[in-house]
Amino acid sequence: MKKILSAATVLFLFISISFSQVIQKRCGTFDVMKVRDQQEPGYLQRVNACFNNAKAVADLNRSNRSAWDTIYRVRCVFHIVYTNAEENIPDSVIYSQIEVLNEDYRRLNADTVKTRAIFKDIAADAGIEFYLATTDPNGQPTNGITHTLGTPGFLGFNPFTDDMKSTATGGEDAWPTDRYLNIWVCNVLNGLGVLGYAFPPDNAPNWPANSGTDSAKQGVVLHYPVVGRNFSAPIDPTVAQGKSAVHEIGHYLGLRHIWGDGDCTEDDGISDTPLSDAAHQQTCDTSSNTCPDSPLDFPDMIENYMDYSDDRCLNMFTEEQVGIMRAMLQTSRAGIATVVTATGIKNNPYDILQNVSVFPNPSKDMVTLNVQVKSGTHYSYEVFNAIGEKLLGEINIQASDNHHQLDLAAQPSGIYLVKVTSGELTVVKKVQLIR
Ligand SMILES: [Ca+2]
Ligand SMILES: [Ca+2]
Ligand SMILES: [Zn+2]
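What comes next is a walk through the structure. Within each chain, residue numbers correspond to sequence positions counted from 1 in written order. Labels follow written order: the first chain is A, the first ligand is 1, and so on. Predicted model: local features are reported for residues with pLDDT of at least 70 only, side-chain atom pairs are reported and counted for 80 or more only, and whole-chain, interface and lining totals are derived from all residues. Side-chain numbers here rest on the full set of heavy atoms in the structure, without hydrogens or water.

**As for the pairing of strand E9 (residues 366–373)**
Step number 1: Each residue is assigned to one of three classes by its accessible area relative to the maximum for its type, calculated with a 1.4 Å probe on protein chains only: buried under 20%, partly exposed between the two thresholds, exposed over 50%. In this description a helix means any DSSP run of H or I spanning at least four residues, a strand means any run of E spanning at least two, and both kinds are numbered starting from the N terminus. Among the 8 residues that make up E9, 6 are buried, leaving the element largely enclosed by the rest of the structure.
Step number 2: One bridge is not enough; two strands pair if DSSP finds at least two bridges between them. Examined bridge by bridge, strand E8 (residues 353–359) and E9 share 6 bridges and lie antiparallel to one another. Note that in E9 the partner of leucine 353 across the bridge is valine 373.
Step number 3: Here E8 folds back onto E9 in antiparallel fashion, the turn holding 6 residues.
Step number 4: Bridge count for E9 against strand E12 (residues 403–407) is 5 bridges, and the pairing is antiparallel. From the neighbouring strand, leucine 369 faces E12, where its bridge partner is histidine 404.

Right under this line is the structure:
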């Protein structure tokens, strides 16, 4: 009798702990990273080095139009590792998850209307899409979903030992992580209330892609009821719209939590996300403003996918977050995506500086400069001769004022440069004068 009682007590404690902690531990990423850093000193430093490298690549991309003329189509495999019928989720749920990912990473989600006006200009289309792999590692046709009867340890798969990621530990082996985004779906509760986690890239910037710590563990893990949109498995409605996968793939592509996993003194390394002193736990509190920002104070960006807000109010990435993820797909995560020519990525920074032309070219004396920038923005131009002397210029020109007559009649024959700048973007055009 005593034994039965203590088992019941343990079960009760487990249920109450997991129930209360589901609300508190949306994502285990930072916790598993800290544990990994203890096991492998220097791990967090390598993650930071990767992030900084991606940031430098993203900065270069800002002045390179061709870097924005692509869409990355990420090849995915979902490994469903189940212990009962409910956990063996149907393929239709995975299809709905792919739909959510493709909406949110292309900013085609219906709830973009909920992005507050103050953040609308920096909410960005990532130009990243997701598809289920059609060929398995042996070259055989596949629907990109595996189902495995798993053998977890006590009370579910343990996020700290990654046992869902290997057949040897009762899970399912990764497909080569340099070619596939592996997403394991299982019962990851284990009494911890973790709904998902992912390892960000940690290969040193000068190493080949996907050569980070234990590449067989690279990928995303999701607790099965948070997969897909309105999946009927019992779960809190605040996490039932498939946004956990959007969040975890953000980590997998190098993004950090929007509050920097610390108080107002910690930043996420992204300048267009406001400071925030903690997660917004499955709430939609638009009045929240936990930290002063400089020079302008913004409210907390609770609609950012990298917060913990209610799925029903997560609806945006920022331009700079998008820059990091796209840079990771060129560097640390190269190889997992097919690159296709874009039909026009919304929020591409080139949308701001849309077109610059000079004509006629070659010219005799007067050159017409035509500049089209996004309405509401400003630009400047400068004209230089071949030895870099500035001849003409004008600053802070309104978007509506887009024609300029450049008088070069007093200049000798030769090559001249016309430089147009809007924000951080610059376009240089050459013009030839022939007398
Ligand atoms: Ca920030
Ligand atoms: Ca603030
Ligand atoms: Zn997270």
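Additional details are given in the paragraphs that follow.
**Observations regarding the nonpolar core**
General note: in soluble globular proteins, nonpolar side chains tend to be found buried as a group.
Step number 1: In this structure, Tyr105, Ile128, Phe130 and Leu181 are the most contacted members of the largest nonpolar core, which totals 54 residues.
Step number 2: Mapped by element, the contributors of at least two residues to this core are helix H3 (43–62), strand E1 (70–82), helix H4 (91–104), strand E2 (128–132), strand E4 (181–186), strand E6 (220–223), helix H6 (243–252) and helix H7 (319–330).
Step number 3: It is H7 that contributes the most residues to this core, 6 residues altogether.
Step number 4: Among the buried residues, those of types Ala, Val, Leu, Ile, Met, Phe, Trp, Tyr and Cys that are joined through side-chain atoms within 4.5 Å form a nonpolar core. Counting 20 residues, the second largest nonpolar core, distinct from the first, contains Val356, Val367, Leu369 and Val373.

**Topic: the coordination of the calcium ion (ligand 2)**
Step number 1: Taken together, Asn289 (OD1), Cys291 (O), Asp293 (OD), Asp297 (OD) and Phe298 (O) make up the protein donors of the calcium ion (ligand 2), found 2.2 to 2.5 Å from the metal.
Step number 2: The sequence pattern formed by the donor residues of the calcium ion (ligand 2) is N-x1-C-x1-D-x3-D-F.
Step number 3: Given a relative accessible area of 42%, aspartate 297 falls into the partly exposed group. Distances decide who is a donor: an N, O or S atom must be within 2.8 Å of the metal, or within 3.2 Å for Na, K and Ca. Water is not included, so sites may look incomplete.

**Side note on the packing of helix H2 (residues 29–39) against H3**
Step number 1: Only the stretch in contact is used when fitting a helix axis, every axis being a line fitted to C-alpha atoms; angles between N-to-C directions are given from 0 to 180 degrees. Orientation of H2 relative to H3, taken along the N-to-C sense of each, is 120°, at an axis distance of 7 Å. Taken together, the axes of H2 and H3 lie oblique to each other. Two secondary-structure elements touch here, H2 through Met33, Arg36 and Asp37 and H3 through Tyr43, Leu44 and Val47.
Step number 2: Each residue gets one label: Ala, Val, Leu, Ile, Met, Phe, Trp, Tyr, Cys and Pro are nonpolar, Asp, Glu, Lys and Arg are charged, and the others, such as Gly, are polar. The class makeup of the residues in the contact of H2 with H3 is 4 nonpolar, no polar and 2 charged. Throughout, the term roughly parallel applies to angles under 35 degrees, roughly antiparallel to angles over 145, roughly perpendicular to angles from 65 to 115, and oblique to all others. Should any heavy atoms of two residues lie within 4.5 Å, those residues are counted as being in contact.

**Points about the coordination of the calcium ion (ligand 1)**
Working reference: metal with six octahedral donors, ideal angles 90 or 180 degrees; metal with four tetrahedral donors, ideal angle 109.5 degrees.
Step number 1: Coordination of the calcium ion (ligand 1) by the protein involves Asp267 (OD), Asp268 (OD), Ile270 (O), Thr273 (O) and Thr273 (OG1), with metal-donor separations of 2.3 to 2.5 Å.
Step number 2: Coordination of the calcium ion (ligand 1) draws on donor residues from a single chain, spaced D-D-x1-I-x2-T in sequence.

**Remarks on the packing of aromatic side chains**
Step number 1: Aromatic rings from Phe, Tyr and Trp, taking only the six-membered ring of Trp, are treated as a pair when their centres fall within 6.5 Å; an angle between ring planes under 30 degrees marks them as stacked, one over 60 as edge-to-face, and anything in between as tilted. The final tally for this structure, using the stated rule, is 7 aromatic pairs.
Step number 2: Ring geometry for phenylalanine 119 against phenylalanine 298: centres 6.2 Å apart, planes inclined by 35°, an arrangement best described as tilted. Pair noted here: phenylalanine 119 is in helix H5 (residues 117–120) and phenylalanine 298 is in the loop between H6 and H7, with a separation of 179 residues, a long-range link.
Step number 3: What makes phenylalanine 119 buried here is its relative accessible area of 1%.
Step number 4: Their ring planes at 80° and their centres at 5.1 Å tell us that tryptophan 175 and tyrosine 180 sit as a pair that is edge-to-face. Summarising the burial analysis for this pair, tryptophan 175 and tyrosine 180 share the class buried.
Step number 5: Grouped by ring-pair contacts, the aromatic residues Tyr105, Phe130, Tyr305 and Phe317 constitute a single cluster.
Step number 6: Remark: a charge is flagged as sitting over a ring if the NZ atom of Lys or the CZ atom of Arg is within 6 Å of the ring centre and within 35 degrees of the ring normal. Here arginine 36 stacks its cationic end above the ring of phenylalanine 199, 4.0 Å away from the centre of that ring.
Step number 7: The positively charged end of arginine 326 is found above the aromatic ring belonging to tryptophan 68, 5.0 Å away from the centroid.

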